[in-house]
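One-letter residues, chain by chain:
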Amino acid sequence: MEPSLYRYILQHSKKDQILLILLSLASLPLVYITLELPKKIINLLEGMDLPGAIFGYEFDRLEFLMIFSFAFLLVVLVSGLLKYLLNVYRGALGERVLRRFRFELYERILRFPMPHFKRVSQGELIPMITAETELLGEFIGESFTLPVFQGGILFTYLFFIFQQDVFLGLAAIALYPFQLYVIPRLQKRVNELSKERVATARNLSGRIGETISGIGEVHANDTSRYERAHIGQRLGKIYLIRFAIYKRKFFIKFLNNFIAQLTPFFFYSVGGYFVLRGDLSIGSMVAVLVAYKDLSGPWKELLRYYQRKEDIRIKYTQIIQQFNPLNMIKSEIIDLHPEKLLLPDREIHGNNVRYTEDGLYFSIDGASFKITLDRHYAAVGLGNSGKDEFGFLVSRLVIPSSGSMTIGDLKMEEIPESITGKRLGYVGAGAYMFNGTVYDNLCYALKHQPVKNEASEQDKELEHERMLARLAGNTSDRYDDDWINPGSIGLENANQLVTRIIEILQCVELDEEIYQYGLLSLVDQSENLNLIDRVMEARKQLRNKFQEPEIARLVEPFDQEKYNLNMTVSENLLFGTVYDESINAEQLIDNPVIKKVLEQFGLDNEFLKAGEKIAEIMLDLFSDVEPGSELFEQFSFIGADDLPEFNQLLLVIRKSGLENLDSGDRNRLISLPFKLIVARHRLGLITEPIQQNILEARKRIHEIAATENLGIEFFDESLYNPRISVQDNILFGKLAYGQAHAQQKLNALIADVVAGLDLRNEIIEAGLKYDVGVAGGRLSAVQRQKLALARALLKMPDLLVINQALAGLDPASERRLIENVRHAMQDRGILWVLGRVQLAEQFDVVMVLEGGKILDTGSFTEMKDKNDHFQVLLASE
């Protein structure tokens with residue numbers, strides 16, 4: 001990148017900077033006029049001779065006063081509008097160049113060599129692009145115009161003052177040489193401290209990032225105190241640096257302010273002397289004082305500009321240094337898109353390949369090999385054999401330090417990423433998942449370029465955004481365009497792509513888990529009409545099975561006309577799914593509409609009495625139970641912390657009666673029965689008459705909902721409920737309490753119905769919308785490994801490199817997956833870096849590595865019979 005900040009600015013905004021300078025110079029005559037007109041007005045008021053005729057017209061004193069005043073107002077207005085234009089232009093220019101600079105920094109991250117990420121943390125890089133570059137945007141717009149504009153204003157004021165009196169002009173600039181000599185020297189030390197502060201802040205950011213990444217280790221090893229000491233010490237260092245900066249910075253400010261107030265002393269003494277002698281008019285004296293008062297503004301701006309310039313220059317230099325590591329990937333490797341995206345040959349040749357990250361230790365040391373892209377290879381060796389780095393080299397994630405790796409006539413490091421990214425696949429042990437759904441992460445391997453969309457291209461607003469992006473040196477591509485092109489892997493449409501994904505999920509044995517995610521997912525009716533119809537058919541078939549006595553005991557179906565004994569009181573009352581956060585299912589009495597309905601059917605008093613009974617029973621059962629016991633979670637209606645309050649409440653009831661409770665205590669008791677399940681708790685408090693009243697209240701709530709949105713999605717046997725999962729929509733009922741293995745039996749029933757309707761693939765498709773969380777945090781490590789393998793298989797590479805990616809599996813599962821993947825990659829190449837040597841028997845060719853060298857190559861049987869090192873590896877398992 002350009003090492004000079006000013007050259008970088010000119011390189012990308014030269015024409016704009018020239019225009020801004022011309023606009024700045026154009027405003028200077030207006031500044032002079034705003035100084036001259038007040039002088040003329042004061043002299044006019046002092047009774048001095050009238051100016052001559054204007055364009056042949058004579059005016060009296062009052063008319064001249066009005067002319068000068070309105071002229072002053074007009075000049076101020078024009079000058080203000082010109083400054084507004086300058087400021088907006090400068091701001092827009094600064095942000096545009098800043099946008100370019102940030103984009104270039106991000107592009108350079110994409111070109112960093114892989115080993116560099118082991119030496120620098122994301123906690124250091126991210127703030128450099130986001131926070132540390134922020135001041136650059138402000139500075140870029142004013143980098144040339146501010147000194148021209150403020151310097152021009154300063155020159156204009158001085159010219160005006162010298163025009164009134166030479167001695168006053170000399171007084172005005174008398175202390176400038178002193179400031180120009182002293183301030184830069186004081187500022188130099190401030191700049192050095194600022195540079196140190198930035199470096200320390202980056203280290204702090206990196207350490208905080210490490211703590212977040214290793215938070216499990218912190219808690220597991222009780223090192224919180226050590227980590228706090230680490231951060232506290234670094235914060236202390238930043239404090240001392242900033243304190244030193246403040247002392248010097250504010251001393252500079254004190255010095256500037258003192259000098260600014262010292263100059264008027266000369267004006268009052270020298271200028272007053274000349275006024276008393278009659279050599280200087282009062283108007284001129286006042287005009288000089290006004291000019292000098294305004295003179296301090298541009299002078300301070302110039303000094304501030306110098307301070308800011310040095311600070312920005314240091315920041316820019318430090319950022320450039322951080323984003324210019326050795327062995328960066330050439331930009332053309334990433335940007336070049338040949339017409340034919342094919343590898344130049346079907347063989348990879350390595351000749352005396354050596355690889356090192358630090359120039360001292362060679363993890364690959366003189367390896368020579370040949371890999372044919374229609375055979376399956378296993379690479380085995382000890383942990384320090386270099387087998388991991390061998391996988392990186394073959395997949396072109398790193399390049400050799402010496403020696404050569406070629407495909408046909410081309411070196412591998414010269415082949416564009418647009419080819420290797422499609423034709424070579426890599427799956428490592430640390431599989432990374434991006435924020436988004438399972439589908440997003442699977443199709444990430446297909447997002448090479450956006451799919452053309454005529455409607456998007458003709459959108460004027462989008463075209464304007466693209467134009468601004470190109471002007472700022474950014475890509476005009478949009479991430480929210482459609483990037484997934486099924487045609488890139490030989491498919492015709494998105495439906496075929498989903499079918500291929502499901503086949504691959506079956507290959508990596510991840511289909512069952514995605515199927516379960518689909519069952520538990522919420523489905524948007526507007527986007528999945530076919531699935532909704534099929535789910536309703538599944539519900540109908542399952543409901544028919546409920547007629548069988550053995551199955552009928554397992555579940556109680558939802559019925560609008562019946563009280564469900566396996567649902568809570570609140571669930572029976574609402575008979576639907578609450579999606580409005582203002583409604584708390586356990587505190588329904590707080591909702592004014594529901595409270596009114598409860599009162600209408602006398603349920604408030606019934607629940608009040610039931611609440612009193614529940615409180616008495618809970619206190620009797622749990623008063624001696626330890627607060628942390630799981631019994632509270634499983635059986636108690638009252639939390640351990642609330643027991644003393646309810647005990648006090650019962651004492652009040654015994655003393656004053658239920659009818660004298662205040663509204664708060666009354667509501668607390670009424671809310672207790674809402675958690676009660678008749679079939680589970682069997683307390684006899686929700687009698688059949690109360691159940692009938694609840695059903696009547698349910699009908700009334702549904703009637704109100706017909707005209708008023710209550711935030712409840714009601715259960716209706718004839719309709720799909722989008723607020724509950726696919727599985728719950730199929731079941732459409734509640735599990736019966738007390739039935740052994742009820743959930744497993746119902747899962748099997750649902751699976752039978754789904755299979756009978758050929759609905760499984762559609763539910764898997766729904767499961768593809770499962771959100772994997774930050775870095776795949778909602779998936780297990782094994783699921784992430786399998787998903788990464790599926791992602792690599794989806795793009796159908798010519799060579800798939802798997803670098804101990806399934807080490808988290810048990811041997812039998814890994815063996816099955818190896819067989820599945822080999823079958824999927826028939827007639828295409830595989831290099832599988834294995835942790836378990838015995839699994840190498842499944843491969844065509846075994847490569848034995850030791851000390852960064854390939855000791856031998858051959859079939860598993862040949863290696864087992866003749867290679868002593870391979871025999872040692874086998875024996876060590």
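Here the structure is a predicted model, which is why all the values come from computation and not from measurement.

Undergrad: In this structure, what is going on with the overall build of the protein chain? I would like to understand it.
TA: For the protein chain, the helix and strand inventory stands at 36 helices and 14 strands. Whereas a compact globule of 877 residues would reach a radius of gyration of roughly 29 Å, the protein chain reaches 40 Å, over 25% beyond that. Projected onto its principal axes, the C-alpha coordinates of the protein chain cover approximately 120 × 95 × 60 Å. A separation of at least 24 residues holds for 75% of the contacts in the protein chain among residues at least 6 apart in sequence. Distance from the positive charge centre (97 side chains) to the negative charge centre (116 side chains) of the protein chain: 7 Å.

Undergrad: Where do I start with the state of the cysteines in this structure?
TA: Throughout this description, disulfide means a covalent bond between two cysteine sulfur atoms. The tally for this structure, following the rule as stated, stands at zero disulfides. Here C443 is not disulfide-linked; the sulfur of C507 is the nearest cysteine sulfur, at 16 Å. Residue classification places C507 among the buried positions, given a relative accessible area of 13%.

Undergrad: What am I meant to see in a nonpolar patch on the surface here?
TA: Side chains of I18, L19, L22 and L25 sit close together on the surface and give an oily, nonpolar patch of about 350 Å² of accessible area. Structurally, L25 can be placed in helix α1 (residues 5-26).

Undergrad: Just checking my understanding: could you explain the sheet that holds strand β2 (residues 362-372) for this structure?
TA: Remark on secondary structure: sheet strands pair via backbone hydrogen bonds, oriented parallel or antiparallel. The strand order across the open sheet built from four strands is β2-β1-β4-β5, with neighbouring strands paired in antiparallel fashion. This sheet does not close on itself; its edge strands, each paired only once, are β2 and β5 (410-411). Bridge count between strand β1 (residues 347-356) and strand β4 (residues 402-407): five bridges; the pairing is antiparallel. Looking across to β4, one finds that G350 is bridged to M405.

Undergrad: What's the story with the packing of aromatic side chains in this structure? I'm lost.
TA: A ring pair, where both rings are aromatic, is described by two values, the distance of the centres and the angle of the planes. Inspection of every chain in the model, using the stated rule, returns 23 aromatic pairs. Aromatic pair F558 and F575: ring centres 5.9 Å apart, planes at 75°, arrangement edge-to-face. Taken together, the residues F558 in the loop between β7 (555-557) and α22 (569-574) and F575 in the loop between α22 and β8 (576-578) connect sequence positions 17 residues apart. For the pair F558 and F575, one class covers both residues: buried. Above the ring of F575, the side-chain terminus of R698 is found at 4.0 Å from the ring centroid.

Undergrad: Sorry if this is basic, but what is going on with the pairing of strand β14 (residues 853-858) here?
TA: Note on strand geometry: in a regular strand, side chains alternate between the two faces of the sheet. By the bridge criterion, five bridges tie strand β13 (residues 845-850) to β14 in an arrangement that is antiparallel. Note that in β14 the partner of M847 across the bridge is T857. What sits between the antiparallel neighbours β13 and β14 is a turn of two residues, in which G851 has the positive phi angle 60°.

Undergrad: Even after reading the chapter, I still don't get the sheet that holds strand β12 (residues 829-833), so can you show me in this structure?
TA: Overall, mixed pairing links the six strands, which are arranged β6-β11-β12-β3-β13-β14 in an open sheet. Of all strands in the sheet, those bounded by a partner on one side alone are β6 (424-428) and β14. Direction aside, neighbouring strands of the sheet carry axes that sit 15° apart on average.

Rules behind the numbers
Residues numbered from 1 in each chain as written. Predicted model: local features only at pLDDT ≥ 70, side-chain atom pairs only at ≥ 80, totals over all residues. Heavy atoms only, no water. Helix = DSSP H or I, 4+ residues; strand = E, 2+ residues; numbered from the N terminus. Rg over C-alpha atoms; globule rule 2.2 N^0.38 Å. Contact = heavy atoms within 4.5 Å. Lys, Arg positive; Asp, Glu negative; His and termini not counted. Charge placed at Lys NZ, Arg CZ, Asp CG, Glu CD. Disulfide = S-S within 2.5 Å. Buried < 20%, exposed > 50% of the residue type's maximum accessible area, 1.4 Å probe, protein only. Patch = residues over 30% accessible without salt bridge, like charges linked within 9 Å, V, L, I, M, F, W, Y side chains within 5 Å. Areas by Shrake-Rupley, 256 points an atom, 1.4 Å probe, with all protein chains shown as cover. Salt bridge = Lys/Arg side-chain N within 4 Å of Asp/Glu carboxyl O. Pairing = 2+ DSSP bridges. Phe/Tyr/Trp six-rings, centres within 6.5 Å; stacked < 30°, edge-to-face > 60°. Lys NZ or Arg CZ within 6 Å of the ring centre and 35° of its normal. Axes fitted to C-alpha atoms, helices over the stretch in contact; angles between N-to-C directions.

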